[in-house]
Amino acid sequence: MAIIEIDQLSKSYRVYQKGEGLRAAVTGLFHRQYREVLAVREVNLKVESGEFVAFLGPNGAGKTTTLKLLSGVIYPTSGRAKVMGYVPWQRDNEYRRRFALVMGQKNQLWWDLPAQESFRLHQRIYRIDPPAFRKTLDELTELLSVRELLCRPVRELSLGERMKMELIAALLHSPEVLFLDEPTIGLDVVAQHNIQQFLKYYQEQRGITVLLTSHYMKDVAALCRRVVVIAKGQVQYDGSLSGIVDSFSGAKVVTLQLAEGTVPQGLERLGEVLSIQLPKVKLKCSRIEVSRVLAQLLEQYTVEDIAVEDPPLDEVIAAMFSRVSSEEKAAEGVSQ
Amino acid sequence: MTALATELSSRLMTWWIILRIALEERLVYRGDFALGTLMRFLPIVTQIFLWWAIFESVPTAAGSGQTKALVGYSFPDMVAYYLLTMLGRAFSSMPGLASGVARQIREGEVKKYLTQPVDLIEFLLLGRVAHKLAYYSVATIPFALVFFLCRGYFSSGMPDVYTLSIFIATLLMSFLLGFFMEVCLGLVGFWFLEVSSLLFVYMLFNFFLSGHMFPLDMLPEPWRSLVEYIPLKYLAYHPAAIFLGKIPREQLLFELGIEIAWLIFFVFLARWMYARGLKRYSGFGG
């Protein structure tokens, strides 16, 4: 049985629509115009126990809203969801002791006190047995190498160190389901890498279920086998990360290293020329044409080296996002 | 039965940890803390000078040689009254509580209380108890000193044990009443994101109608009766009036009962507002 089941889940907000300028502000005092915003629309999703799933999508796509729904912070407008058999927004204490939500920019630690104190508080509110607490805390501080920072006030920690502490606080009660909203936002490359390694190891060891939202493709590539792309409140894709490239981009990138003296003329006949920095040339062509293009290239030019790659994932995804939103606009245009 | 006992002891342990941590946090900023504590004594000095000037300008009843009195208060009575309201307010005033609650709502910090098995009001109450304990630990000595130096102003001396115990009970109750009233104000933040003007109005009423500014029994009718019926008087005037013997002995318990009723009302109001507020918050976006 799936550990997370989402069935036709929708959430809409009413937002106050203010026109521009002072006049509109004054009118707004007496009469307010509201607009319905559909943040999540009829999302269906099943996640099996032990999966590490990434939510991808542009800002405002509904990723965070979905996590908020699953952690019981907000009620849905319609639809159903169950996590470990609990309805999240009923906020059963039993449920709350079995999952954790980490939001990258939000602080759950006491700012002026060492993180250790916040951990002790968590031990009490989650009712963790003292021996289990000791053991978990030792293990986590070891893995994240923050032992010597436990006694330092949180306000004196760097962003990366603080994020590590946030993760420890969230994992002390050994949650079975973990929701991570942008856990590496604002971190430098080293800190990002550390957190990724830790999450990967921890998830594999414990076999917990993790839902992650992130803008960093590296996070996703390092951690998740399954990717759910959400845009405009709907699931656009559900599958493997490499599958995104297959289903959303029919293109390949061919990089050529030309021999000295070769003139790169007439390349545009074979595909879209991305860049020419002699002796290197980059060319984009459609997947089905690759073999024909390669044959012609080798025949017509003196080539020293050749490589065929998928286009960068970031680009594919950006292209997909923009396609989704232009389709949306077109659909709106028709309905009006 | 044992399950209940375990639950209870578990809760008590949690409360103890929250209390301890809040106390530790309170002691981090030593300078601000010490200064804040001592500065509390400043306003009362200016008020005493003000009343001294007022009493100076009141003409003595011709040739009677009596002590000057204003609506039943002589100058020493007035000083005693102010010292006692200062003590009462040390229990009932809640600096930053309502605005803090509103800020937590506005900035989304309440999410923590939705996803973790903790209760906001419980947490705030323990935090405030810690706040007060830290304050008393520092303020007791200057308070005692001031009361000792001013002992001459307490013309009727110490009240009897019964009155004194009701006085102490009222002080503790005023802490709870002040706490729950301010929590209710802060929870309005679920409906209006900005509550500062509301707080300003509350502070203004509090200042005049709690007896902080002047003894409430100086007020003419119908104000005199009005303040009797609103709970603000318990925050400053009421404890002082008990100590000074202004409330007949046989009425003391009855008054305490009314105060308890108000407290229960505000506890329920806070609970109800919190539940409704969360519902609204969850419905609107979080």
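The rules behind each value
- Residues numbered from 1 in each chain as written.
- Chains lettered and ligands numbered in written order.
- Predicted model: local features only at pLDDT ≥ 70, side-chain atom pairs only at ≥ 80, totals over all residues.
- Heavy atoms only, no water.
- Phe/Tyr/Trp six-rings, centres within 6.5 Å; stacked < 30°, edge-to-face > 60°.
- Helix = DSSP H or I, 4+ residues; strand = E, 2+ residues; numbered from the N terminus.
- Buried < 20%, exposed > 50% of the residue type's maximum accessible area, 1.4 Å probe, protein only.
- Lys NZ or Arg CZ within 6 Å of the ring centre and 35° of its normal.
- Pairing = 2+ DSSP bridges.
- Axes fitted to C-alpha atoms, helices over the stretch in contact; angles between N-to-C directions.
- Contact = heavy atoms within 4.5 Å.

Caption draft 1: Structural context of the packing of aromatic side chains. Residues and elements named next belong to chain B. In total, this model carries 25 aromatic pairs over all chains according to the counting rule given. Between Phe 55 and Phe 75, the aromatic rings sit 5.8 Å apart at their centres with planes inclined by 65°, giving edge-to-face as the arrangement. Taken as a pair, Phe 55 in helix 3 (residues 42-57) and Phe 75 in helix 4 (residues 75-92) lie far apart in primary sequence, 20 residues in all. Each member of the pair Phe 55 and Phe 75 is classed as buried. Arranged with centres 6.0 Å apart and planes meeting at 80°, the rings of Tyr 73 and Tyr 81 form a pair that is edge-to-face. We note that Tyr 73, like Tyr 81, is buried. The aromatic ring of Phe 148 is capped on one face by Arg 151, whose charged end is 4.1 Å from the ring centroid. Geometry around Tyr 73 places Lys 246 over its ring, the cationic atom sitting 3.7 Å from the centre.

Caption draft 2: Quick peek at unusual backbone geometry. For the bond running from Glu221(B) to Pro222(B), omega is 5°, close enough to zero to count as cis. Despite not being glycine, Gln8(A) shows a phi value in the positive range, around 50°. In this structure, Gln8(A) sits in strand 1 (residues 4-17). Even without a glycine there, the phi angle at Ser145(A) is positive, about 40°. Within the secondary structure layout, Ser145(A) lies in the loop between helix 5 (130-143) and helix 6 (159-171).

Caption draft 3: Molecular detail of the sheet that holds strand 2 (residues 33-47) of chain A. Residues and elements named next belong to chain A. Across the sheet, which stays open at both edges, the three strands sit in the order 2-1-4 with antiparallel pairing between neighbours. In this open sheet, the two edge strands, each paired with only one partner strand, are strand 2 and strand 4 (78-83). Sheet twist, expressed as the average angle between the axes of neighbouring strands with direction ignored, equals 30°. Across 11 bridges, the pairing between strand 1 and strand 2 is antiparallel. Considered in strand 2, the bridge of Tyr 16 is made with Tyr 34. Across the sheet, helix 2 (residues 63-70) lies against strand 1, strand 2 and strand 4, angled at about 115° from strand 1, the strand it touches most.

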